[in-house]
Amino acid sequence: MASGLARVPPMTPVRDRRRSTNTERSRMWDSVIAAADDRTATETMMPVELSADHVEAIEVGFAKPTGRGSRTPLPVSEMVIDTSTFTEFNRRYRVHERLDGGGMATVVLARQHALARDVAVKVQRKDDSPTRRLLFRAEALVTAYLEHPNIVPVYDAADNCLVMRRVRGSSLAALINERTSDKELPRLIEAIVRACDAIAFAHSRGIMHRDIKAENVMVGEFGEVLVVDWGLALSFAPGPDGEWHAPRLDHCPSVCAGTPGCVPPEIARGEREEVGAHTDLHMLGGMLYHVLAGHMPFDHQDRMEALLLAAGNLYPPLAKEAPSAPARLVRASERAMAFLPEERGTIAEFVTDLRTWLGREVARDHDASGRRSRAMPPAPIQIGFKRRLLRAFGIGS
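Source: prediction; values computed, not measured. (Residues numbered from 1 in each chain as written. Predicted model: local features only at pLDDT ≥ 70, side-chain atom pairs only at ≥ 80, totals over all residues. Heavy atoms only, no water.)

A. Up close: the overall build of the chain. When you go through the chain residue by residue, the secondary structure sums to 14 helices and 12 strands. Within the span of the chain, comprising 397 residues, buried residues form 44% of the whole. If you sum the accessible surface of the chain, you get close to 20900 Å²; carbon and sulfur atoms cover 52% of it. (Helix = DSSP H or I, 4+ residues; strand = E, 2+ residues; numbered from the N terminus. Buried < 20%, exposed > 50% of the residue type's maximum accessible area, 1.4 Å probe, protein only. Areas by Shrake-Rupley, 256 points an atom, 1.4 Å probe, with all protein chains shown as cover.)

Here it is as structure tokens:
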């Protein structure tokens, strides 16, 4: 398998790693969850003082048992909101429907009465551990702090809900799946450039996203691009004001979290001392890989196998997965996804490569349209108008 994959520095062979016990392998992925109920972890992962409002904004019965061991979503008409308990939320918002749901939270569409607009409300699971509740609150604080045109804005928050702008459009992942020709490639690359702008801004505030993937980049109906889901964000340095605005990297008991199909090697290996701004750059390169190849770099049905591939940076080369991909974009992706962090370059260099390619594409289209217009003969209506104009001034017959 190694012969068909990207070259990486010498490391323990993957086949030897696969012989490790289930306990050791699962430790790489589950140590964060295992520490969730640890009081020490709870105290150190969130460095800011949190208020204990204990406002549970929504209690929605999204699921009910339908058979032995199975659960299915409730229809919108059966969503339960206890108006007697959650008076404040129901005075300000009305829930319409479910938009999306994941393992840790559910996103619903709601109407904000005061401003007569639709908003997206991210609701945390009611049975989450204390640490997960703190991290959910941290996501609200981080997203609100990072005010940028390409970061989803926060409108309101409580201990277990986050009210954000509703983005009408599609995720970058959906656009990748819907892509039918190379003519759509510039639009996807432009979305990555905008996402890079958002991540670079976060880095200037000492914050890394840590879960950059096509699903977390939304492209609106009018081309606006927003990076969402900052739930795994960490502070690797204080912000310009000297304050830490996210859970601190050096206080995090484990960094092994995210999506196995696109995590960098240092995340997959759990090497906290190697994690930093360059970690996000690797994931940006992986997102470009996803655009070019149509799948994540460490794509595998089994998440532990994907994690092992990520630990060795063993992704199929784009020369094989996307032989017709532009060479400059291939080089940009491969450099950003280098095994060693010091070989990845910077986000600015990565963006320069993408913008250079986009500029050449625009120039090529402009030249092609110019050639077409010069080759076209004058339209009959234009010829007739010219003759009438000359006659009106007594010129010609």
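Moving on, there is more to tell.
B. Examining the pairing of strand β7 (residues 161-165) more closely. Among the five residues that make up β7, four are buried, leaving the element largely enclosed by the rest of the structure. The pairing of strand β5 (residues 117-124) with β7 spans five bridges and is classified as antiparallel. Residue pairing in the sheet places Val121 in a bridge with Val163 of β7. For strand β6 (residues 154-158) and β7, the ladder comprises four bridges, and the chain directions are antiparallel. Following the sheet pairing, Ala158 is matched in β7 by Cys161. Hairpin connection, β6 to β7: the antiparallel pair is bridged by two residues. (Pairing = 2+ DSSP bridges.)

C. Spatial organisation of unusual backbone geometry. Notably, Asp229 is not glycine yet its phi reads approximately 60°, a positive angle. For Asp229, the location among the structural elements is in the loop between β11 (225-227) and β12 (234-235). Of note, the phi angle at Asn313 is positive, near 55°, even though the residue is not glycine. Assignment of secondary structure puts Asn313 in the loop between α10 (303-311) and α11 (318-321). Asn313 gets classed as buried once you look at its relative accessible area, which sits at 2%.

D. Structural detail: helix α7 (residues 185-204). Taking 1.5 Å of rise per residue, 20 residues should cover 28 Å, and α7 covers 29 Å from first to last C-alpha, within 8% of that figure. Gly206, located one to two residues past α7, shows a positive phi value of around 80°. (Expected span 1.5 Å × (residues − 1).)

E. View of the sheet that holds β11. Read from one edge of the open sheet, three strands run β8-β10-β11, paired in antiparallel fashion. Of all the strands in the sheet, the pair left with one neighbour each is β8 (169-171) and β11. Mean inter-strand twist for the sheet, computed between neighbouring axes without regard to direction, equals 25°. Summarising the sheet, β8 and strand β10 (residues 217-220) pair through three bridges and their orientation is antiparallel. Bridging across to β10, Ser170 finds its partner in Val219. (Axes fitted to C-alpha atoms, helices over the stretch in contact; angles between N-to-C directions.)

F. A look at the nonpolar core. Grouped together as the largest cluster of nonpolar side chains are 69 residues, with contacts concentrated most on Leu172, Ile189, Ile192, Trp230, Met287, Phe350 and Leu354. Ranked by the residues each element gives to this core, the list is headed by α7, at 12 residues. Apart from residues lying up to four places away in sequence, Leu354 is in contact with Ile189, Ile192, Val193, Leu288, Leu329 and Ala332. (Core = buried A, V, L, I, M, F, W, Y, C linked by side-chain atoms within 4.5 Å. Contact = heavy atoms within 4.5 Å.)

G. Region of the structure containing the packing of aromatic side chains. As enumerated under the stated definition, the model contains two aromatic pairs in all. An angle of 80° between the planes, with centres 5.6 Å apart, marks the rings of Tyr289 and Tyr315 as edge-to-face. Here Tyr289 is found in helix α9 (residues 277-293), whereas its partner Tyr315 is found in the loop between α10 and α11, with 26 residues between them in sequence. The exposure class of Tyr315 is buried, given its relative accessible area of 5%. Aromatic pair Phe298 and Tyr315: ring centres 6.3 Å apart, planes at 65°, arrangement edge-to-face. In this pair, Phe298 is assigned in the loop between α9 and α10 and Tyr315 in the loop between α10 and α11, connecting sequence segments 17 residues apart. Given a relative accessible area of 0%, Phe298 falls into the buried group. Within the aromatic cluster, the residues linked to one another by ring pairs are Tyr289, Phe298 and Tyr315. For Arg117, the ring lying beneath its charged end belongs to Tyr155, and the centroid distance is 3.8 Å. Above the plane of the ring of Trp244 lies Arg248, whose end atom (NZ or CZ) is 3.9 Å from the centre. (Phe/Tyr/Trp six-rings, centres within 6.5 Å; stacked < 30°, edge-to-face > 60°. Lys NZ or Arg CZ within 6 Å of the ring centre and 35° of its normal.)

H. Spatial organisation of the pattern of salt bridges. Applying the stated criterion across every chain, the model contains 14 salt bridges. Asp250 is the salt-bridge partner of Arg248, the closest N and O atoms lying 2.8 Å from each other. The buried category is assigned to Arg248, whose relative accessible area is 19%. Note that Arg335 and Glu349 form a salt bridge whose closest N and O atoms lie 2.9 Å from each other. (Salt bridge = Lys/Arg side-chain N within 4 Å of Asp/Glu carboxyl O.)

I. Summary view of the packing of α7 against α9. With their axes 11 Å apart at the nearest point, α7 and α9 run at an angle of 170° to one another. One element, α7, and the other, α9, form an angle in the roughly antiparallel class. Within the contact between the two elements, α7 uses Leu185, Leu188, Ile189, Ile192, Ala195, Cys196, Ile199 and His203 and α9 uses Ala277, Asp280, Leu284, Met287, Leu288, Val291 and Leu292. Looking at side-chain class alone, the contact of α7 with α9 contains 13 nonpolar, one polar and one charged residues. (Parallel < 35°, antiparallel > 145°, perpendicular 65-115°, else oblique. Nonpolar A, V, L, I, M, F, W, Y, C, P; charged D, E, K, R; others polar.)

J. Structural view of the environment of Gly276. As for its position among the elements, Gly276 is in the loop between α8 (265-268) and α9. Residue Gly276 is classed as buried on the basis of its relative accessible area, which comes to 5%. Taking the C-alpha atoms as reference points, Gly276 and Glu266, separated by 10 residues in sequence, lie 9.5 Å from one another.

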